[in-house]
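Summary of the model geometry
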Amino acid sequence: MADDFHSVLHALRVWDVPLPSLTPATAPPTPLPLFKEWFLDAAAAGQAEPHTMTLATVDAEGRPDARTLMLHDADERGWHFASHAGSAKGRQLAAAPHAALHFYWAARGRQVRLRGAVAAGTPQEAYADLHARSTGALASALVGRQSEALGSEEELAKASAAAWARAQAEPDARAESWTVYVLDPVEVEFFQGDAHRRHVRLRYRREGDAWTQELLWP
């Protein structure tokens, strides 16, 4: 098994497709338009689930934690995602309201990294966010108890069945702990991979209300 693992690991290659470029001189003055351009490009290129991203937080001891979740919006307020306030990430953000986001679009050899403060939205925003999604999303939110220890698979199946029934019978039901979060970035880095390893890294840094740009060594 170990030999198979290493033989496969070391045989893997990345970016075996033509890659786009990033020209810093023509980049927009703020990061949001470039993010939306890259997002649409990744989706058009066939990138699977381009709206998924990694969220990194820290726990009470300052130890990093990370998980993959979905982007719900990106606008002038910041990058939006949602979860239960009582989940591990919700508790961590309540105690240390700063986080990092990371997008990786392998189909285009691109990454986007963001760091900034995170704030919770209003209950009205959480309700609108949840009810703009599928019945399954509502049912999952109604189950709740995210990140708690689970006694058995049967316990989950019973709770899930009850939540599905309620979501179908009460499509306007509220999941009280469901929360929208908005990361307001102070740094946004755009990474464009290059087959010759001359990767282009363009970082935006916010100073007050203005953004500055700088290149980073790959």
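Up top is the structure these notes are about.
Below is a short write-up of the structure.

The rules we used
All chains use their own residue numbering, which begins from 1 and follows the written sequence. Reporting of local features is limited, given that this is a predicted model, to residues whose pLDDT is at least 70; pairs of side-chain atoms are given and counted only at 80 or more, and all residues count toward the totals for whole chains, interfaces and linings. Hydrogen atoms and water are omitted, and side-chain values are computed over all heavy atoms in the structure. Here a strand is any run of E in DSSP of at least two residues, a helix any run of H or I of at least four, and the numbering for each starts at the N terminus. When accessible area is computed with a 1.4 Å probe and restricted to protein chains, residues below 20% of their type maximum are described as buried, those above 50% as exposed, and intermediate ones as partly exposed. Contacts are assigned to residue pairs with any non-hydrogen atoms lying within 4.5 Å of each other. The accessible surface values rely on the Shrake-Rupley method and a 1.4 Å probe; as for residues, cover is taken only from the protein chains in view. When charges are counted, neither His nor the chain ends are considered; positive counts come from Lys and Arg and negative counts from Asp and Glu. Charge positions come from single atoms, namely NZ of Lys, CZ of Arg, CG of Asp or CD of Glu. Here a Phe, Tyr or Trp ring, Trp counted by its six-membered ring, pairs with any other such ring whose centre lies within 6.5 Å, and the pair is stacked when the planes are under 30 degrees apart, edge-to-face when over 60, and tilted otherwise. Note on pairing: two strands pair once DSSP finds at least 2 bridges between them. Helix span is expected to be 1.5 Å times the residue number reduced by one. What the arc covers is the set of directions going from the helix axis to the C-beta atoms.

Summing up its helical and strand segments, the protein has six helices and nine strands in all. By principal-axis analysis of the C-alpha atoms, the protein measures approximately 55 × 55 × 40 Å. Taken across its 218 residues, the protein has 36% of its residues classed as buried. Contacts spanning at least 24 positions in sequence make up 64% of the contacts within the protein whose residues lie at least 6 apart. Carbon and sulfur atoms provide 55% of the accessible area of the protein, an area that totals close to 12,900 Å². When the 22 positive and 28 negative side-chain charges of the protein are each reduced to one mean point, those points stand 3 Å apart.

A full pass over the atoms with the stated rule returns 11 aromatic pairs. Relative to Phe190, the ring of Trp38 has its centre 5.2 Å away and its plane inclined at 85 degrees; by these criteria the two rings are edge-to-face. Taken together, the residues span a long stretch of sequence, with Trp38 in helix α2 (residues 31–44) and Phe190 in strand β7 (residues 178–192) at a distance of 152 residues. For Trp38, a relative accessible area of 2% translates into the label buried. Note on Phe190: relative accessible area 0%, which makes it buried. Arranged with centres 6.3 Å apart and planes meeting at 75 degrees, the rings of Phe39 and Trp105 form a pair that is edge-to-face. Residue Phe39 is located in helix α2, and its partner Trp105 is located in strand β5 (residues 98–105); the two are separated by 66 residues in the primary sequence. Owing to a relative accessible area of 23%, Phe39 belongs among the partly exposed residues under this scheme. An aromatic cluster of at least three residues, connected via ring pairs, comprises Phe35, Phe39, Trp79, Phe103 and Trp105.

With respect to the secondary-structure elements, Asp172 resides in the loop between α6 (153–169) and β7. Asp172 sits in the exposed class, given a relative accessible area of 59%. When the C-alpha atoms of Asp172 and Leu130 are compared, they prove to be 9.6 Å apart, with 42 residues separating the residues in sequence. Each residue touching Asp172, except ones within four places of it in the same chain, is listed here: Tyr127 and His131.

Residue position: Thr68 is located in strand β2 (residues 64–70). Residues Thr68 and Ala159, 91 residues apart in the sequence, show an inter-C-alpha distance of 24 Å. With near-sequence residues (within four places) excluded, Thr68 lies in contact with Thr52, Met53 and Thr54.

Another point: the pairing of β7. Counting buried positions along β7 gives 13 out of 15 residues, so the element sits mostly inside the fold. As defined by bridge partners, strand β4 (residues 78–84) adjoins β7 across six bridges and the pair is classed as antiparallel. In the sheet register, Phe81 faces β7, and the bridge partner there is Tyr181. Pairing analysis gives six bridges linking β7 to strand β8 (residues 200–207), with the strands arranged antiparallel. Within the sheet, the bridge partner assigned to Phe190 lies in β8 and is Leu202.

Moving on: α2. Under the 1.5 Å per step criterion, the end-to-end length of α2 is 20 Å for 14 residues, consistent within 8% with the ideal 20 Å. Looking only at α2, the buried set comprises Pro31, Leu32, Leu34, Phe35, Trp38 and Ala42. The arc that holds every buried residue of α2, seen down its axis, measures 160 degrees, which confines them to one face. Along α2, the residues that are exposed and aim more than 90 degrees away from the buried face are Glu37, Leu40 and Ala44. Following α2 by one or two positions, Gly46 has its phi on the positive side, about 90 degrees.

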